[in-house]
Amino acid sequence: MKSQNSPVLGTLFSNFPTGYKNVIATLSLTVMLSGCSDWFEPTISEICETHSEMCLDLSLDARCRHERADIIRLRYNHQADTSEAFKYPLLLAFEDYLVCVEEVQHIEHVKRKGKEATRLKGVMTAQRELARLARETKRSLDPYLSYYHWSRHNDKEAFHRFERYAASNKVKDPELLISLASAQIKTDPERTIDTLYKALSLYKDADDIDSAVYLSLVSLGMDKENYRMAYVWLGVSEYFDEKIPSARRESIGQKFNLPIDILDSVVSEIVSALDNSQFDASALKLNRL
């Protein structure tokens, strides 16, 4: 894995004419302010003081405060939002919150029994809001919400909506395609490979790719008895995850008498493409493996 050095900002004003100094100073201030926009957001306490309706239906004790804060922040930031996009992260936030309050609800408080009541309120709110949001988004065309209804409620219509979107050229988030591949792998290995290749082409940073993607391609190669494919993707996985030993790849190469030198070159080409956010299965001619 290649290491990346953090950029260092130097004081270069002395090398520029006076007029340019002012421009640079202004631009620097703009960058600083844009990077620190969170400084100007109200705190959770301030939101609850001015918008109590966003907070009072949640448990108020110290437990689960991070999960509660996520919900309050989403409610506040999207209070005038008429779109459905924010409802997916809100559903996930309520799921996390429900898990937390259900766990801590059973903790006995000898001195302060009142804590149990506020946690019960939190459980009831989370259950109610999850049900409400699910009703409101059941037929949504939003791909994330379609994925949610398929993965949580086994909604076949939602899956077909999600699948149609994932097959389009509109997809920008590779994680959506990884989710689709997790369903395809059970019935259609060839489409799964195509979907995973498409997902890899969308990543902007190779460090964001879970090594499970590479290992899934290894398994698909082994299942198809395409040992060249398995060998290549094992090589890629080793490059990005030092915990993966080389012994298995070497064993496959020897057992099936593979053209190791050629396949190692393919591994290098794939790694280079991924490192440079230029992965293209067609350009790399991976269909020839």
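Here the structure is shown first, and the text comes after it.
To keep things clear, this report deals only with the structure shown in the data block. Quick caveat, the model's predicted, so the values are computed rather than measured.

Considerations on the state of the cysteines
Across all of its chains, the model carries two disulfides by this definition. What pairs with C64 in a disulfide is C100, and their sulfur atoms sit 2.0 Å apart. Its S-S torsion of approximately -95 degrees makes the covalent link between C64 and C100 left-handed. Within this pair, whereas C64 is found in the loop between α2 (44-50) and α3 (65-77), its partner C100 is found in helix α4 (residues 87-105), the two being separated by 36 residues in sequence.

Focus on the side chain of S146
By the secondary structure assignment, S146 is in helix α6 (residues 143-153). There is a polar contact of 3.1 Å between the side chain of S146 and the backbone oxygen of S140. Here S146 is in contact with S140, L141, A158, R161 and F162, once residues within four sequence places are set aside.

Examining the environment of D205
For D205, the position within the fold is in the loop between α9 (189-202) and α10 (211-223). When the C-alpha positions of D205 and L274 are compared, they lie 7.7 Å apart, and in sequence the two are 69 residues distant. Separated by 2.9 Å, the side chain of D205 and the backbone nitrogen of D207 make a polar contact.

Quick word on the nonpolar core
In this structure, L200, W233, I270, L274, F279 and L286 are the most contacted members of the largest nonpolar core, which totals 75 residues. Per element, the largest residue contribution to this core is 10 residues, and it comes from α4. In this structure, L286 is in contact with Y197, W233, V266, I270, F279 and A281, ignoring residues within four places of it in sequence.

Quick word on the packing of helix α11 (residues 227-240) against helix α13 (residues 260-275)
Where α11 meets α13, the closest approach of the two axes is 9 Å, and the angle between their N-to-C directions is 50 degrees. The angle between α11 and α13 falls in the class oblique. When the axes of α11 and α13 are compared, the crossing they make is right-handed. Between α11 and α13, the residues in contact are R228, Y231, V232, W233, G235, V236, Y239 and F240 and I260, L263, D264, V266, V267, I270, V271, L274 and D275, respectively. Here the residues of the contact of α11 with α13 sort into 13 nonpolar, one polar and three charged.

Some details on the pattern of salt bridges
Taken as a whole, this structure holds 15 salt bridges when the rule is applied. Residue D188 pairs with R191 through a salt bridge whose shortest N-O separation is 4.0 Å. For R191, a relative accessible area of 41% corresponds to the partly exposed category. With a closest N to O distance of 3.9 Å, R249 and D264 form a salt bridge. Of this pair, R249 sits in helix α12 (residues 247-255) while D264 is found in helix α13, placing the two residues 15 residues apart along the sequence. Among the residues examined, R249 registers a relative accessible area of 13% and is labelled buried. By sharing partners, the salt bridges in this structure join D57, R75, K87, R128, E129, R132 and E136 into a single network.

What about the side chain of S179?
Checked against the element boundaries, S179 lands in helix α8 (residues 174-184). By relative accessible area, S179 is classed as buried at 13%. Setting aside residues no more than four positions away along its own chain, S179 makes contact with Y147, W150 and F162.

As for helix α7 (residues 156-167)
Between its first and last C-alpha atoms α7 spans 16 Å; for 12 residues at 1.5 Å apiece the expected length is 16 Å, and the two agree. Along α7, the residues classified as buried are A158, F159, R161, F162, E163 and A166. Looking at the buried positions of α7, the neighbouring elements they touch are α6, α8 and α9. Put simply, D155 is the residue that caps the front of α7, since its side-chain oxygen is 3.0 Å from the backbone nitrogen of E157.

Focus: unusual backbone geometry
Notably, C64 is not glycine yet its phi reads approximately 60 degrees, a positive angle. One non-glycine residue, K285, lies in positive phi territory at about 55 degrees. With respect to the helices and strands, the residue K285 is situated in the segment after α13.

Let's talk about α12
Every buried residue belonging to α12 is among R249, I252 and G253, and all of these are buried. Seen along its axis, α12 keeps its buried residues to an arc of 100 degrees; they face one direction. Turned more than 90 degrees from where α12 packs its buried face, Q254 and K255 sit exposed. In this structure, the buried residues of α12 make contact with α10, α11 and α13. Following α12 by one or two positions, N257 has its phi on the positive side, about 50 degrees.

Conventions used here
- Residues numbered from 1 in each chain as written.
- Predicted model: local features only at pLDDT ≥ 70, side-chain atom pairs only at ≥ 80, totals over all residues.
- Heavy atoms only, no water.
- Disulfide = S-S within 2.5 Å.
- Helix = DSSP H or I, 4+ residues; strand = E, 2+ residues; numbered from the N terminus.
- Polar contact = N/O pair within 3.5 Å; in protein donor to acceptor, adjacent residues only side chain to side chain.
- Contact = heavy atoms within 4.5 Å.
- Core = buried A, V, L, I, M, F, W, Y, C linked by side-chain atoms within 4.5 Å.
- Buried < 20%, exposed > 50% of the residue type's maximum accessible area, 1.4 Å probe, protein only.
- Axes fitted to C-alpha atoms, helices over the stretch in contact; angles between N-to-C directions.
- Parallel < 35°, antiparallel > 145°, perpendicular 65-115°, else oblique.
- Left-handed = near helix turned anticlockwise from the far one by under 90°.
- Nonpolar A, V, L, I, M, F, W, Y, C, P; charged D, E, K, R; others polar.
- Salt bridge = Lys/Arg side-chain N within 4 Å of Asp/Glu carboxyl O.
- Expected span 1.5 Å × (residues − 1).
- Arc of directions from axis to C-beta.

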